[in-house]
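Fold and geometry: a report
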Amino acid sequence: MSFARAHDGFTAVELLVAMTLGVGLFIATLTVLDAFQRDNRFNVLRNETQDNARIAIDRLARELRNVSAPSVKEAGALEQAKRYSLTFQTINSTPARKGEIEGNVTNAMRVRYCLNDTNPSEEVLWRETMHWKTELPPALPTSNACPDLNVFDWEHAEELVTHITNRIGGQTRPLFVYGPDGASLTSQITSVEPTVYTDLDPGGQRGERQITTTIYMRNQNRAPAAAFTATELGKHHVYLNASESADPNGLALSYQWWDNGSLLSTTSQQYETPELTEGSAHTFKLEVKNPGGLSSVAEQVFVVK
């Protein structure tokens with residue numbers, strides 16, 4: 001004996017409920033996937049920005065460590081040192097082809113790093129370069145624009161890092177800090193500390209990132225310091241001693257002495273004068289010079305007793 005099987009299926013209401021649940025689950029899955037993709041894109045862009053900042057700082061470090069003094073007779077290695085702009089001369093790492101350098105035998109080039117804050121929530125770091133063939137470099141451009149697009153100033157400008165926030169919200173966090181503390185002239189600067197703050201979502205919960213380092217410069221030419229003592233010996237002789245003179249780079253110094261405006265024949269660090277007249281006044285002058293051609297002068301008046 002056989003029984004007929006029921007062929008009843010899902011009702012329309014059941015199908016509608018199942019489809020609604022399926023669509024809801026699908027939408028939830030897409031929402032999660034979209035959020036994951038957005039986070040992934042954000043992290044990729046943030047890491048890319050961080051990498052660009054590191055590459056820019058590494059490039060700056062290489063150029064500063066291969067810095068070239070503006071002239072053998074000029075002090076310091078930097079031409080311009082500001083909070084958001086830095087200009088210097090360095091040796092071009094790209095070899096010049098025959099006939100390109102002419103009078104510029106060292107293949108020196110001028111480089112400028114500056115921070116554009118047209119939009120403080122997304123500042124941009126720029127690098128500008130200048131080359132020349134003459135023995136002496138062109139005059140330093142006077143424009144403070146960043147980038148300086150005057151065709152007569154810089155030959156090439158490139159955008160290095162975006163999404164910088166050093167001055168967001170009216171803050172004044174410098175891009176460059178110079179050492180040692182208290183240095184007021186470019187000739188006194190021996191180190192540069194670049195600090196870059198980046199944030200792809202200013203005001204968001206992810207927060208900004210910071211990259212900083214300290215770069216100690218080489219190959220710079222700094223002026224020596226002249227100093228001497230004058231001591232009277234027996235028979236009205238005066239002993240002049242310049243051993244207190246020093247060069248900040250530890251270079252050997254040459255010495256020249258004057259007595260009342262007359263150049264003395266000695267070039268020694270110490271010198272004993274011939275017998276002088278009792279009661280006579282003498283203005284002794286010392287000039288010390290380093291191998292780079294920078295010099296310093298010290299004077300003092302001495303009365304023979």
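Here's what I pulled together on the structure shown here. (Residues numbered from 1 in each chain as written. Predicted model: local features only at pLDDT ≥ 70, side-chain atom pairs only at ≥ 80, totals over all residues. Heavy atoms only, no water.)

**Notes on the pairing of strand E10 (residues 229–233)**
How we decide: Two strands form a pair only when DSSP identifies at least two bridges running between them. Working definition: helices are DSSP H or I runs of at least four residues, strands are E runs of at least two. Numbering for both runs from the N terminus.
Across five bridges, E10 lies against strand E11 (residues 237–241) in antiparallel orientation. Within E11, the residue paired with Glu-232 across the bridge is Val-238. Hairpin connection from E10 to E11: three residues lie between these consecutive antiparallel strands, with Lys-235 at a positive phi of about 60°.

**Things to note about unusual backbone geometry**
Put simply, the rule is: The buried label goes to any residue with under 20% of its type's maximum accessible area, the exposed label to any with over 50%, and the partly exposed label to all in between, with areas taken from a 1.4 Å probe on protein chains only.
Residues Cys-146 and Pro-147 are joined by a peptide bond in cis, for which omega reads 0°. Within the secondary structure, Pro-147 sits in the loop between strand E4 (123–131) and strand E5 (156–164). The step from Gly-179 to Pro-180 runs through a cis peptide bond, and the omega angle for that step is 5°. Phi is positive for His-163, which is not a glycine, with a value near 60°. Here His-163 is to be found in strand E5. The class of His-163 is partly exposed, set by a relative accessible area of 22%.

**What to know about the environment of Arg-209**
What counts is decided by this rule: Contacts: residue pairs with any heavy atoms within 4.5 Å of one another.
Take Arg-209: it is sitting in strand E8 (residues 209–212). Arg-209 gets classed as partly exposed once you look at its relative accessible area, which sits at 32%. A sequence separation of 40 residues divides Arg-209 from Gly-169, and the C-alpha atoms of the two residues are 16 Å apart. With residues up to four places along the chain from it excluded, the contact list for Arg-209 reads Arg-46, Gln-50, Val-196, Tyr-197 and Thr-198.

**Let's talk about the side chain of Asn-241**
Put simply, the rule reads: Two N or O atoms count as a polar contact when they lie within 3.5 Å, although within protein this holds only if one can serve as hydrogen donor and the other as acceptor, and sequence-adjacent residues are included solely when both atoms are side-chain atoms.
Note on placement: Asn-241 falls in strand E11. Look at Asn-241 and you get buried, because its relative accessible area is 17%. A distance of 3.2 Å separates a polar atom in the side chain of Asn-241 from a polar atom in the side chain of Gln-270. Not counting residues up to four positions away in its chain, the partners in contact with Asn-241 are Ala-227, Phe-228, Thr-229, Trp-257, Gln-269 and Gln-270.

**Quick notes on the nonpolar core**
The test is simple: Nonpolar cores are built from buried Ala, Val, Leu, Ile, Met, Phe, Trp, Tyr and Cys residues. Side-chain atoms within 4.5 Å join them into one set.
One finds Leu-64, Leu-78, Leu-86 and Phe-88 to be the most contacted residues of the largest nonpolar core, which totals 29 residues. Every element with two or more residues in this core is listed here: helix H1 (12–65), strand E2 (85–91), strand E3 (108–116), E5, strand E6 (176–179) and strand E7 (191–198). Considering each element in turn, this core owes the most residues, six residues, to H1. Ala-226, Phe-228, Leu-264 and Val-304 belong to the second largest nonpolar core, which has 18 residues in total.

**Looking at the sheet that holds strand E13 (residues 262–263)**
Strand pairing in a sheet relies on backbone hydrogen bonds, with the paired strands running either antiparallel or parallel. Taken together, four strands build an open sheet; the order of strands is E13-E12-E15-E16 and the sheet is antiparallel. The two strands at the open ends of the sheet, each matched to only one other strand, are E13 and strand E16 (295–303).

**Some points on the pairing of E3**
Of all nine residues in E3, nine are buried, a share of seventy percent or more. Of the two faces of E3, the one lined by Ala-108, Arg-110, Arg-112, Cys-114 and Asn-116 and the one lined by Met-109, Val-111, Tyr-113 and Leu-115 are each fully buried. When E2 meets E3, the two strands line up antiparallel, connected through seven bridges. Note that in E3 the partner of Ser-85 across the bridge is Cys-114. Across eight bridges, the pairing between E3 and E4 is antiparallel. Bridge pairing in E4 links Arg-112 to Glu-128. Where E3 folds back on E4, the antiparallel hairpin that results is connected by six residues.

**As for the packing of aromatic side chains**
Selection criterion: Only Phe, Tyr and Trp rings are paired, with Trp represented by its six-membered ring, and only when their centres lie within 6.5 Å; those with planes under 30 degrees apart are stacked, over 60 edge-to-face, the remainder tilted.
Using the criterion set out here, one finds four aromatic pairs in the structure. For the pair Phe-176 and Tyr-178, a centre-to-centre distance of 6.5 Å together with 35° between the ring planes defines the contact as tilted. Comparing Phe-176 with Tyr-178, the two get one shared label, buried. Relative to Phe-302, the ring of Phe-284 has its centre 6.5 Å away and its plane inclined at 55°; by these criteria the two rings are tilted. Pair noted here: Phe-284 is in strand E15 (residues 281–289) and Phe-302 is in strand E16, with a separation of 18 residues, a long-range link.

**Description of the sheet that holds E11**
Counted only if it meets this: Simply put, an axis is a line fit to the C-alpha atoms, just over the touching stretch for a helix, and the angle between two N-to-C directions goes from 0 to 180 degrees.
Ordered by their spatial adjacency, three strands build an open sheet running E10-E11-E14, and the pairing between neighbours is antiparallel. Pairing within the sheet leaves two strands with one partner each, and these edge strands are E10 and strand E14 (270–272). The average undirected angle you get between the axes of adjacent strands in this sheet is 15°.

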